[in-house]
There are 2 protein chains.
Amino acid sequence: MRAGKQTFVYEHPPRVAAHASIVGPKESQGPLAAYFDEASQDDLFGQKTWELGESEMLRRCAGRAMRDGGLTQEETQAFFSGDLNNQIIATGFAARALGLPFVGLYGACSTFVEGLVLASALISAGFLENALCAASSHFCTAERQFRFPLEMGTQRPPSAHWTATAAGCALLRAGEGAGIYVTAGTLGRIIDYKIKDANHMGAAMAPAVQSTIAAHLDDTGATADDFDLIATGDLGWIGRDILLELFRESGRPLPPETLVDCGASLFYQEQDTHAGGSGCGCVASVTCGWLMKRMEQGELKRILVTGSGAMLSPTSTMQAETIPGVAYAVRLEVK
Amino acid sequence: MRAGKQTFVYEHPPRVAAHASIVGPKESQGPLAAYFDEASQDDLFGQKTWELGESEMLRRCAGRAMRDGGLTQEETQAFFSGDLNNQIIATGFAARALGLPFVGLYGACSTFVEGLVLASALISAGFLENALCAASSHFCTAERQFRFPLEMGTQRPPSAHWTATAAGCALLRAGEGAGIYVTAGTLGRIIDYKIKDANHMGAAMAPAVQSTIAAHLDDTGATADDFDLIATGDLGWIGRDILLELFRESGRPLPPETLVDCGASLFYQEQDTHAGGSGCGCVASVTCGWLMKRMEQGELKRILVTGSGAMLSPTSTMQAETIPGVAYAVRLEVK
């Protein structure tokens, strides 16, 4: 069912039948380490390049969710995924290894949530019985692609994010029973606040997150108080403050204690990641690790998870273009 | 409704309420020129870079479909799109200008058909009343990104494709009445035949196209004879022959007269494009121009359109990886 302008309310909400998260060495030293299913000390994941390593991390994560959910490759009906690499090659190679019907997505760091919005709709409508929704990112593949060769040891400004080496995957299934359900999803619009600094992603994405959360609340008639927690993907410390300010300015302030940023939660501030974690794998791993486990432990009953993406490329940066942002949201509820 | 392993049959098939196509200078000298809505002699489309030019072409094409379909920006519910640029920036900037709820896709040159499969499902299920499905490509943005700076004048091998400067957009709407309907859609699996030559895309993609067409026929119980035409996106002359051979080998030959490749149809062989046209905009513009207009003129009643993508990047090519392919299919019927 359509609600308002941008939101889908799922009449037959899919259940999160399994969820998996894998992180790299730095993430495994952060405050959420205990919540991840696998913490690799090898950021090549046994492969010969970082790109293949990221792909292997994603494949392993999706395979784990499939296995934990009790499905074989033959029974799994779709793989919704994307990543930050040019032409989403980490996902392409993972999908090749998985051999599943494939839906390739690109919403930058919002991709995991974008996939949840779409897959939930297809399951609710009976087009699919199940689907894997995943995303990955890798510090080393992202740095050399978006910024500089790592060997240069370039100094990072305080507003820069640290791309998480991480993957998350949720297996959604039609059906009943106790568990976490995806009950609504909201598409986002591209919003551009004319930020040009590719080291200031929190500022570039915060207006899109504000737009999507506001749309979700308007479309469903909810308020922030209806949620135990509102998670943002990777606004980081700076972007989180901007988001709170944007909501204050809009006349509908968000209670700061309700708002948790996955990127700002993934690392200790002493880990020197500056603005916080980012990347497609950030919101994916933190949702599939920390947030869903807290829901299963009874700590959280109803949350809104947003993923946000900065739709830039090195080419657009070199051409002095501004950085448009986009954000998607899903409502997760324990039933 | 789900049919077989990979196919959705739409219980409430969306109607193609409008379709638009825009091409660049070289495409406007090809055999299909008369079918396109707009043929620009300026491959910058009034912008200062090719990337912004491609984005402007896509924006203009989507705006045209929206206008021809009688919808305002406020009434249009979603924009499904993607392109070949790193991080799909042509699409990102077009979506920024359009201001519509956005679904970013990456299926390489198959993206337009991937979007039709997903958007049709969401419309059929009532999550959306309408959606724009689009994709673009540009010879100059693709050459410098995937291959060499154009200024080098690098010689192209005979198996190389010519990336079409083109965009296509279909406006899908729920509802009744005479017209073209999207009645079924098939997801594809990633298939890799271990081709490593980035100038031999037809060979890299043909096995994925064979897999998806075969899945569609199996899932729906159809044969090639049930279609007036089976279109492939951009296999080109060489890939088309490989596809026919793969079907012969599978024991279910495709009648060659039924099979039309959009890329091989877009240019005269004398235009020196070698293997034929390619790019996300190839299947998008040829479907929205040539094929849909022939359906409206009564020449074609029921066709299967496949889009195929090669999931490579310059990085994967430099790392000597093979090139996986993926393909999606939609069944279009006049009612």
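Everything below is about the structure printed above this text.
Analysis parameters
Residues numbered from 1 in each chain as written. Chains lettered and ligands numbered in written order. Predicted model: local features only at pLDDT ≥ 70, side-chain atom pairs only at ≥ 80, totals over all residues. Heavy atoms only, no water. Helix = DSSP H or I, 4+ residues; strand = E, 2+ residues; numbered from the N terminus. Buried < 20%, exposed > 50% of the residue type's maximum accessible area, 1.4 Å probe, protein only. Contact = heavy atoms within 4.5 Å. Buried area = accessible area lost by both parts, 1.4 Å probe. Salt bridge = Lys/Arg side-chain N within 4 Å of Asp/Glu carboxyl O. Polar contact = N/O pair within 3.5 Å; in protein donor to acceptor, adjacent residues only side chain to side chain. Least-squares fit on C-alpha atoms with pLDDT ≥ 70 in both. Axes fitted to C-alpha atoms, helices over the stretch in contact; angles between N-to-C directions. Parallel < 35°, antiparallel > 145°, perpendicular 65-115°, else oblique. Left-handed = near helix turned anticlockwise from the far one by under 90°. Nonpolar A, V, L, I, M, F, W, Y, C, P; charged D, E, K, R; others polar. Phe/Tyr/Trp six-rings, centres within 6.5 Å; stacked < 30°, edge-to-face > 60°. Lys NZ or Arg CZ within 6 Å of the ring centre and 35° of its normal.

Peer 1: Provide a residue-level description of the environment of A:Ala178, including the pertinent values.
Peer 2: Residue and element names in this part refer to chain A. In this structure, Ala 178 sits in the loop between strand 9 (166–173) and strand 10 (180–186). On the accessibility criterion, Ala 178 (66% relative accessible area) is exposed. Setting aside residues up to four positions removed in sequence, Ala 178 forms contacts with Arg 15 and Lys 335.

Peer 1: Residues and numbers for the interface of chain B and chain A, please.
Peer 2: Listed per partner, the contact involves 61 residues of chain B and 62 residues of chain A. Of the roughly 4,900 Å² buried between chain B and chain A, counting both surfaces, carbon and sulfur atoms make up 61%. Summed over the three residues of chain B that lose the most area to chain A, namely B:Gln87, B:Arg96 and B:Phe127, the buried surface amounts to 17% of that side. Applying the counting criterion to the chain B and chain A interface returns 6 salt bridges. For the salt bridge of B:Glu321 with A:Arg96, the shortest nitrogen-to-oxygen distance reads 3.3 Å. Taken together, the links from chain B to chain A amount to 30 residue pairs in polar contact (both at pLDDT 80 or more).

Peer 1: Residue-level account of helix 4 (residues 139–146) of chain A, with values.
Peer 2: Counting buried residues along helix 4 of chain A, 7 of its 8 residues qualify, which places the element largely inside the surrounding structure. In the core, the buried residues of helix 4 of chain A are packed alongside helix 1 (50–68), strand 7 (130–137), strand 8 (162–163) and helix 9 (314–318) of chain A.

Peer 1: A description of the relation of the copies chain B and chain A should follow, citing residues and the corresponding values.
Peer 2: One copy of the chain maps onto the other through a rotation about an axis plus a displacement along that axis. Overlaying chain B with chain A gives an RMSD of 0.0 Å, the required rotation being 180° about an axis along which the chain moves by 0.0 Å. Expressed as a symmetry operation, the mapping of one chain copy onto the other fits a two-fold axis. Comparing contact sets, 100% of the residues at the interface of chain B also lie at the interface in chain A, consistent with an isologous, same-surface contact.

Peer 1: Describe the packing of helix 1 (residues 50–68) of chain B against helix 2 (residues 89–98) of chain B, listing the residues and the values that go with them.
Peer 2: Residues and elements named next belong to chain B. Close contact between helix 1 and helix 2 brings their axes to 8 Å; oriented N to C, the two are set at 50°. By the criterion of interaxial angle, the relationship of helix 1 to helix 2 is oblique. Between helix 1 and helix 2 the crossing geometry is right-handed. Residues Glu 51, Leu 52, Glu 54, Ser 55, Leu 58, Arg 59, Ala 62 and Gly 63 of helix 1 form the contact with helix 2, whose participating residues are Ile 89, Ala 90, Thr 91, Phe 93, Ala 94, Ala 97 and Leu 98. Of the residues contributing to the contact of helix 1 with helix 2, the split by class is 9 nonpolar, 3 polar and 3 charged.

Peer 1: Can you tell me about the side chain of B:Ser136, naming the residues and giving the values?
Peer 2: Residue and element names in this part refer to chain B. Within the secondary structure, Ser 136 is located in strand 7 (residues 130–137). Ser 136 sits in the buried class, given a relative accessible area of 0%. Among the polar contacts made by the side chain of Ser 136, one reaches the side chain of Glu 54 at a distance of 2.8 Å. If we ignore the near neighbours within four places in the chain, the residues touching Ser 136 are Glu 54, Met 57, Leu 58, Gly 82, Asp 83, Leu 84, Ala 90, Ala 166, Ala 167, Cys 280 and Gly 281.

Peer 1: Break down the pattern of salt bridges for me, with residues and values.
Peer 2: Under the defined criterion, the tally for this structure stands at 30 salt bridges over all chains. Across the salt bridge formed by B:Arg64 and B:Glu38, the nearest N and O atoms sit 3.7 Å from each other. With B:Arg64 in helix 1 and B:Glu38 in strand 4 (residues 38–39), this pair connects stretches of sequence that are 26 residues apart. Residue B:Arg64 is classed as partly exposed on the basis of its relative accessible area of 23%. Through salt bridges with shared partners, a single ionic network connects A:Glu38, A:Glu56, A:Arg59, A:Arg60 and A:Arg64.

Peer 1: Explain the packing of aromatic side chains to me, and be specific about the residues and the numbers.
Peer 2: Using the criterion set out here, one finds 8 aromatic pairs over all chains in the structure. Aromatic pair B:Phe79 and B:Phe102: ring centres 6.3 Å apart, planes at 35°, arrangement tilted. Here B:Phe79 is found in strand 5 (residues 79–83), whereas its partner B:Phe102 is found in strand 6 (residues 101–104), with 23 residues between them in sequence. Of the two residues, B:Phe79 and B:Phe102, both sit in the buried class. The structure contains a cluster of three or more aromatic residues connected by ring pairs, namely A:Phe8, A:Tyr10 and B:Phe127. The ring of A:Phe227 is capped by A:Arg302, whose NZ or CZ atom sits 5.4 Å from the centre of that ring. Directly above the aromatic system of A:Tyr181 lies the positively charged group of A:Lys335, at a separation of 5.8 Å from the ring centroid.

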